[in-house]
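# Architecture at a glance
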Amino acid sequence: MLEDKVSNAIDWLRNAKDKFRSLATGEERNPSERPRVGLALAGGFARGIAHIGALRGLTSAGIPIDCVSGTSVGALIGACYCAGVPLDDMQRIASATSFADFGRWTPSWLGLATNQRMETYLARFTHLKTFEQLKTPLAIAATDINAGVSVYYTRGPLAPPLRGSCAYPGLFVPIQFEDRTLVDGFLTAPVPVEGALLLGADIVIAIYLEAGNLENPRTAADVISRSFNIIQRHANELVAVGEAAVQAALPEIRALLDGEKRDSAA
């Protein structure tokens, strides 16, 4: 039942996108044109470094990426990719990341830390500050904690939506932006396919970061420590896993690009 509702919602978004495009341009898309390919990057905290491997696999295979939608760490990786940051630079900086690079402990009633340093952290990758400056269209998914809905940002400053998308409830203080209180996009858009469709994608390649079967952490310190140990000790392995996952999916992706399943999402 839930899968049917999700499928119907995605079909509605795809049809609405086509109608809006027709109204804006006054003409339908030529069936012979290459379908626009969107990439939806899921959240997953430290596991997000695997997205770099997925991007490398798609690039190596010559798969075009016309737009990107990201949630949480997927929004960060997406912003860097859309800004044109080389994948090797992304991997090098991400592998040496610590909590202090983007978080600062400031215990309050709304959260244990602030992620204001993420603005400086993003600047280590790129000097670009707005969506309009990006080389590839990007949508960042965050959650309006008051309304309980996903909000997609595609224009204006990058930093506030990115901080909101990465503001894990309880850990980071929510972000106030454009009359909304934003927290982690993972709550309502764990794999932000809708964002890619809103940007005009005909085909969406969704990258989901599945958690491993590890012993449950017992404290908040365990969670944070384990997360950054994953980055610092297993960065290369995670990137390789992402690249291998894309390689396994390439036949289906190529079939979509060839028009065999144009109405589906990989």
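Check the entry above for the structure.
What comes next concerns the included structure. Remember, predicted model here, so these are calculated numbers, not experimental data.

### Some details on the packing of helix H4 (residues 87-95) against helix H5 (residues 118-125)
- Where H4 contacts H5, the axes come no closer than 10 Å and their chain directions differ by 140°. On the basis of their axis angle, the class for H4 and H5 is oblique. Contacts between H4 and H5 involve Asp89, Met90, Ile93 and Ala94 from the first element and Tyr121, Arg124 and Phe125 from the second.
- Split by residue class, the contact of H4 with H5 holds 5 nonpolar, no polar and 2 charged.

### Points about the packing of helix H2 (residues 50-60) against H4
- Packing of H2 against H4 brings their axes to within 10 Å, and their N-to-C directions diverge by 165°. Comparing their axes, H4 and H2 come out roughly antiparallel. Of the two elements, H2 crosses H4, and the hand of that crossing is left-handed. Of the residues in H4, those touching H2 at Ile52, Leu55, Arg56 and Thr59 are Leu87, Asp88, Met90, Gln91 and Ala94.
- A per-class count over the contact of H2 with H4 returns 5 nonpolar, 2 polar and 2 charged.

### Considerations on the nonpolar core
- The biggest cluster of nonpolar side chains holds 60 residues, and the ones touching the most others in it are Leu39 and Leu138.
- Among the elements that line this core, the one with the most residues is helix H3 (residues 73-82), at 8 residues.
- Not counting chain neighbours up to four residues away, the residues in contact with Leu138 comprise Val68, Gly78, Ala79, Cys82, Phe131, Tyr153, Thr154, Leu158 and Leu199.
- Cys67, Val193, Leu199 and Val204 belong to the second-largest nonpolar core, a separate cluster that totals 9 residues.

### Re the sheet that holds strand S7 (residues 170-172)
- Pairing within the open sheet is mixed, and its 3 strands lie in the order S3-S4-S7. If you trace the sheet from one side to the other, it starts and ends with strand S3 (104-105) and S7, each paired once.
- Bridge count between S3 and strand S4 (residues 111-114): 2 bridges; the pairing is antiparallel. Opposite Trp105, over in S4, you have Ala113 as the bridge partner.

### Re the packing of aromatic side chains
- Under the defined criterion, the tally for this structure stands at 7 aromatic pairs.
- Geometrically, the ring pair formed by Phe99 and Phe172 is stacked, given 5.9 Å between the ring centres and 10° between the ring planes. Taken together, the residues span a long stretch of sequence, with Phe99 in the loop between H4 and S3 and Phe172 in strand S7 at a distance of 73 residues.
- Its relative accessible area of 10% is what places Phe99 among the buried residues.
- Measuring from centroid to centroid gives 5.2 Å for Tyr121 and Phe125, while their planes differ by 80°, and the two rings are edge-to-face. Linking Tyr121 with Phe125, this pair stays in helix H5, spanning 4 residues, or about one helical turn. One exposure class covers both Tyr121 and Phe125, and it is buried.

### Describing the side chain of Thr143
- Within the fold, Thr143 resides in strand S5 (residues 138-144).
- Here Asp184 takes part through its backbone oxygen, which lies 2.9 Å from a polar atom of the side chain of Thr143.
- Within the local environment of Thr143, its side chain forms a polar contact with the side chain of Thr188, the two groups lying 2.8 Å apart.
- Apart from the residues within four sequence positions on either side, Thr143 is in contact with Val149, Thr181, Leu182, Val183, Asp184, Gly185, Leu187 and Thr188.

### Remarks on the environment of Pro169
- With respect to the secondary-structure elements, Pro169 resides in the loop between helix H6 (159-165) and S7.
- Each C-alpha atom of the pair Pro169 and Val183 lies 6.2 Å from the other, and the pair is 14 residues apart in sequence.
- Apart from residues no more than four positions distant in its own chain, Pro169 is found in contact with Val183, Asp184 and Leu187.

### Let's talk about the environment of Ala206
- Within the secondary structure, Ala206 is located in strand S10 (residues 203-207).
- With a relative accessible area of 29%, Ala206 lands in the partly exposed category.

### Observations regarding the pattern of salt bridges
- According to the stated counting rule, one finds 6 salt bridges in the structure shown.
- Note that Arg92 is salt-bridged to Asp89, the shortest N-O span being 3.7 Å. Taken together, the positions of Arg92 and Asp89, both in helix H4 and 3 residues apart, correspond to about one turn of that helix.
- The exposure class assigned to Arg92 is exposed, which follows from its relative accessible area of 53%.
- With a relative accessible area of 29%, Asp89 lands in the partly exposed category.
- In this structure, the salt-bridge partner of Arg163 is Glu119, at a minimum N-O distance of 3.5 Å. Of this pair, Arg163 sits in helix H6 while Glu119 sits in helix H5; the two residues are 44 residues apart in sequence, bridging distant segments of the chain.

What counts and what doesn't
Residues numbered from 1 in each chain as written. Predicted model: local features only at pLDDT ≥ 70, side-chain atom pairs only at ≥ 80, totals over all residues. Heavy atoms only, no water. Axes fitted to C-alpha atoms, helices over the stretch in contact; angles between N-to-C directions. Helix = DSSP H or I, 4+ residues; strand = E, 2+ residues; numbered from the N terminus. Parallel < 35°, antiparallel > 145°, perpendicular 65-115°, else oblique. Contact = heavy atoms within 4.5 Å. Nonpolar A, V, L, I, M, F, W, Y, C, P; charged D, E, K, R; others polar. Left-handed = near helix turned anticlockwise from the far one by under 90°. Core = buried A, V, L, I, M, F, W, Y, C linked by side-chain atoms within 4.5 Å. Buried < 20%, exposed > 50% of the residue type's maximum accessible area, 1.4 Å probe, protein only. Pairing = 2+ DSSP bridges. Phe/Tyr/Trp six-rings, centres within 6.5 Å; stacked < 30°, edge-to-face > 60°. Polar contact = N/O pair within 3.5 Å; in protein donor to acceptor, adjacent residues only side chain to side chain. Salt bridge = Lys/Arg side-chain N within 4 Å of Asp/Glu carboxyl O.

None of this, on its own, says anything about what the molecule does.
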